[in-house]
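Structural features, examined
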Amino acid sequence: MTLSVYMLDSPFNLDKNEIKKAVKAIMNFRTQPEYINSLEIALFHPQIDAQSWNKLLDSRGASKAYQDKIYSEPMVRLLTLKALLIPKFLPDFLIWIQTAPKPDDCWESCRKLQASIVTEYQKNIGGLPCLTRNVKDGIYSLLSRLITKPKSSKSDSTIKHKLRGLVHSKFDIPKLVKATKLLLTQKDGFWSQVYRVSFTKDLADALTQIPDLWEPGIITNYPEEQQKFLTNLQPFWRYPGKTDKNYLSLAQFFEEVEEPHFAAIFYQISTGEVPANIFYSLSRKGNVKKGTLFEMTLIRKKGLLDHIHSALDAGIYFVTENLILIIRRMVIGLLLGTIGLITILLISSLLISLYEKDLQASMDEKIAALEEELKSAQASTTDTNNPETLTEISPENQKLFNRTHEAIKAMITNLTDYINQLPPNTLNSIGIPENVQDNNEYIVLFCVKRRLDLAPSFQYGEIGKYNERWQEFSDAIKEYQKSKGVDTPDGVIDKDGRTQRWLEEDIRNQCLNPHGG
């Protein structure tokens, strides 16, 4: 019987003495499976929270080792364990290692402990679900710290992309980038193992779901650090063109670890454009379709050649017409004789000289215009709040939305069993992406939008925030109600009302029935 089966199917009593024994053993590099399993069971138990872990680990000297910079092997192992058990401690732990007199020795002690846990992890990938969850959440904590608003500094980074001038109160961002890269690329590290096996897939799934996550601004049903990370990302999908330069270090990090799809997203978020080499690499692999990735529009960064080509394209007509004129006059000169030829050649030389000056002036003018246009476009992309087009939802519309929202929540509950019993491949056949096929909220909202003839990109989360979005949704409901024979449609879905029943019936018989429409 594996640990996960034992935990889920059998009641157990939390033995705190066993937890203390396990911590002491692992601190002394005795990593037998029973000790690791004791920690796994403790993490599963809701009674043990971060405060409890801090108290227990501090009794072994964790806080003292961290504050007094005690880098003995047992203390390095103890703080490695703390970073595994308390995800938000991971960034501080990495900086603590980087500031050691001999950081390489600390990294080796940390690596050895991870390797011993990886051995147990690899026996059964699903055997350590709670530790694995914590490791993933720790990585999200790291990513969040890489985008913390910086202050000025002269510090620099030794990695390929120099992140000049980025610090945050107690730590240097480039050092944290370097440490994060090392942690996630170690061959036999526990963090790197989880990162390779499942974290990148989980992050891709989460980015795909952001546009349709349930409550706008508040993302739930995720571990704490992942929830914070994803909640902060929501506005970049809700307001296309919104940028935040503090995400640049995250973009450069993902480029460093050769994750171009994530690098592209965070370059777009931080600078409003994606470096051409990354954009083209994704296009060749088929990741970018029609300029979008994870439902975000990507803008390729234009280089000098783009502007030169545009200017030359603008001047090509001028070149062609003048050459034709010169050739015609030369032909006429040949017909008129020597004197006429000399005269035409002189005129041609003059024309060529004038042409070169005109072409240069035309190109200079065109490039200047392009640069001005580019500046204007960049300025427009930074106008992220769009106050002239979106107004905060009025109290009256808020009440109408609340009624509709309650009805849709009831629809999700009513349709869950039906969705769970659908034949294999049904969701694929109607266009539900594989990475959200276990998300019944997404599926029901997908079908609601389809039945109301709304675009798949329409964001349900915005209808409770803005009058314009609610009106668009309400108008679609009215049209749907008219199609059902309602003489005076009200544009609202009431809980247990006829519009809710009609939609549920259509979702069952049409949207979730590939042969029904």
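Residues numbered from 1 in each chain as written. Predicted model: local features only at pLDDT ≥ 70, side-chain atom pairs only at ≥ 80, totals over all residues. Heavy atoms only, no water.

Quick notes on the side chain of Ser144
If you trace the backbone, Ser144 turns up in helix α9 (residues 129–146). On the basis of relative accessible area, Ser144 is assigned to the buried category, the value being 19%. (Helix = DSSP H or I, 4+ residues; strand = E, 2+ residues; numbered from the N terminus. Buried < 20%, exposed > 50% of the residue type's maximum accessible area, 1.4 Å probe, protein only.)

Details of a positive patch on the surface
Judged by side-chain charge, Lys21, Lys24, Arg30 and Arg60 come together as a positively charged surface patch. You can see Lys21 is positioned in helix α2 (residues 16–27). (Patch = residues over 30% accessible without salt bridge, like charges linked within 9 Å, V, L, I, M, F, W, Y side chains within 5 Å. Areas by Shrake-Rupley, 256 points an atom, 1.4 Å probe, with all protein chains shown as cover. Salt bridge = Lys/Arg side-chain N within 4 Å of Asp/Glu carboxyl O. Lys, Arg positive; Asp, Glu negative; His and termini not counted. Charge placed at Lys NZ, Arg CZ, Asp CG, Glu CD.)

A word on the pattern of salt bridges
Pairing is possible between side chains of opposite charge, provided their charged atoms come close. Scanning all chains against the criterion turns up 16 salt bridges. Across the pair Lys409 and Glu406 runs a salt bridge, and its minimum N-O distance is 3.1 Å. Here Glu406 and Lys409 lie together in helix α18 (residues 395–420), a separation of 3 residues that amounts to about one turn. Under the relative-accessibility criterion, Lys409 is labelled partly exposed at 33%. Each of Glu108, Arg111 and Asp188 takes part in one network of salt bridges that share partners.

With respect to the packing of aromatic side chains
The geometry of an aromatic ring pair is captured by the separation of the ring centres together with the interplanar angle, meaning the angle of the planes. Per the counting criterion, the structure on display carries 20 aromatic pairs. Ring centres of Phe89 and Phe93 lie 6.4 Å apart, and the angle between their planes is 35°; this geometry places the pair in the tilted category. Per residue, the accessibility class of Phe89 equals that of Phe93, and both read buried. An aromatic cluster is present here, built from Tyr140, Tyr195, Phe199, Phe229, Phe236, Tyr247, Phe253, Phe254, Phe262, Phe266 and Phe294 joined pairwise through their rings. Positioned above the aromatic ring of Phe89 is the side chain of Lys82, whose terminal nitrogen or guanidinium carbon lies 4.4 Å from the ring centre. (Phe/Tyr/Trp six-rings, centres within 6.5 Å; stacked < 30°, edge-to-face > 60°. Lys NZ or Arg CZ within 6 Å of the ring centre and 35° of its normal.)

Quick look at the confidence of the model for the protein
For the protein, the mean per-residue pLDDT works out to 78, and 72% of the residues sit at or above 70. Mean pLDDT across the elements of the protein bottoms out in helix α1 (residues 3–9) (35) and peaks in helix α6 (residues 73–85) (96). Here residues 150–170 is modelled with pLDDT under 50, and outside its nearest four sequence neighbours on either side it reaches 45 contacts, counting other chains as well. (pLDDT = per-residue confidence, 0-100. Contact = heavy atoms within 4.5 Å.)

Quick look at helix α12 (residues 224–238)
Spanning 15 residues, α12 covers 22 Å between terminal C-alpha atoms, matching the ideal 21 Å at 1.5 Å per step. Every buried residue of α12 is listed here: Glu225, Gln226, Phe229, Leu230, Thr231, Leu233, Gln234, Phe236, Trp237 and Arg238. (Expected span 1.5 Å × (residues − 1).)

Some details on the side chain of Ser474
Along the chain, Ser474 turns up in helix α21 (residues 467–483). Residues contacting Ser474, with those up to four places away along its chain left out, are Asp490 and Gly491.

A closer look at the environment of Lys301
With respect to the helices, strands and loops of the structure, Lys301 is situated in the loop between β4 (296–297) and α16 (304–336). A residue is classified by how much of its surface remains accessible, and Lys301, at 43% relative accessible area, is partly exposed. Separated by 26 residues in sequence, Lys301 and Pro275 have C-alpha atoms that sit 5.2 Å apart.

Topic: the environment of Lys102
Within the fold, Lys102 resides in the loop between α7 (90–98) and α8 (103–123). Judged by its relative accessible area of 57%, Lys102 is exposed. Separated by 31 residues in the primary sequence, Lys102 and Tyr71 place their C-alpha atoms 8.7 Å from one another.

With respect to helix α22 (residues 498–511)
Taking 1.5 Å of rise per residue, the 14 residues of α22 would be expected to cover 20 Å, and the 18 Å separating its terminal C-alpha atoms lies within 8% of that figure. Along α22, the residues that are buried comprise Thr499, Gln500, Leu503, Glu504, Asp506, Ile507 and Cys511. Take α22 and look down its axis: the buried residues cluster within an arc of 165°, on one side only. Contact partners of the buried residues in α22: α18, α19 (426–430), α20 (440–451) and α21. (Arc of directions from axis to C-beta.)

Description of the packing of α20 against α22
Running from amino to carboxyl end, α20 crosses α22 at an angle of 95°, the nearest separation of the two axes being 10 Å. Taken together, the axes of α20 and α22 are roughly perpendicular relative to one another. Judged by residue contacts, Val444, Phe446, Cys447, Val448, Arg450 and Arg451 of α20 engage Leu503, Asp506, Ile507, Gln510 and Cys511 from α22. Per-class residue counts for the contact of α20 with α22 are 7 nonpolar, 1 polar and 3 charged. (Axes fitted to C-alpha atoms, helices over the stretch in contact; angles between N-to-C directions. Parallel < 35°, antiparallel > 145°, perpendicular 65-115°, else oblique. Nonpolar A, V, L, I, M, F, W, Y, C, P; charged D, E, K, R; others polar.)

Looking at the packing of helix α3 (residues 33–44) against α8
Contact geometry for α3 and α8: axes closest at 10 Å, N-to-C directions at 80°. Relative to α8, the element α3 is oriented roughly perpendicular. Each of Pro33, Ile36 and Asn37 in α3 lies in contact with α8, whose residues at this interface are Ser116, Ile117, Glu120 and Lys123. In terms of residue class, the contact of α3 with α8 is built from 3 nonpolar, 2 polar and 2 charged.

Comments concerning the nonpolar core
Most often, soluble globular proteins have nonpolar side chains that are buried together. Ranked by size, the top nonpolar core spans 95 residues in total, and within it Phe93, Leu233, Trp237 and Phe254 carry the most contacts. Here the element with the most residues in this core is helix α11 (residues 190–209); it accounts for 9 residues. Beyond its immediate chain neighbours, meaning those up to four positions away, Phe93 contacts Val76, Leu79, Thr80, Ala83 and Cys110. Ile412, Leu415, Trp470 and Leu503 belong to the second-largest nonpolar core, a separate cluster that totals 36 residues. (Core = buried A, V, L, I, M, F, W, Y, C linked by side-chain atoms within 4.5 Å.)

Let's talk about the state of the cysteines
Taken as a whole and judged by the stated rule, the model has 1 disulfide. Disulfide pairing places Cys447 opposite Cys511 at an S-S distance of 2.2 Å. Judged by the sign of its S-S torsion, about -75°, the bond between Cys447 and Cys511 is left-handed. Of the two residues, Cys447 is situated in helix α20 and Cys511 in helix α22; the sequence distance between them amounts to 64 residues. Relative accessible area serves as the criterion here: at 0%, Cys511 is assigned to the buried category. With no disulfide partner, Cys106 has as its closest neighbouring cysteine sulfur the one in Cys110, 9.1 Å distant. (Disulfide = S-S within 2.5 Å.)

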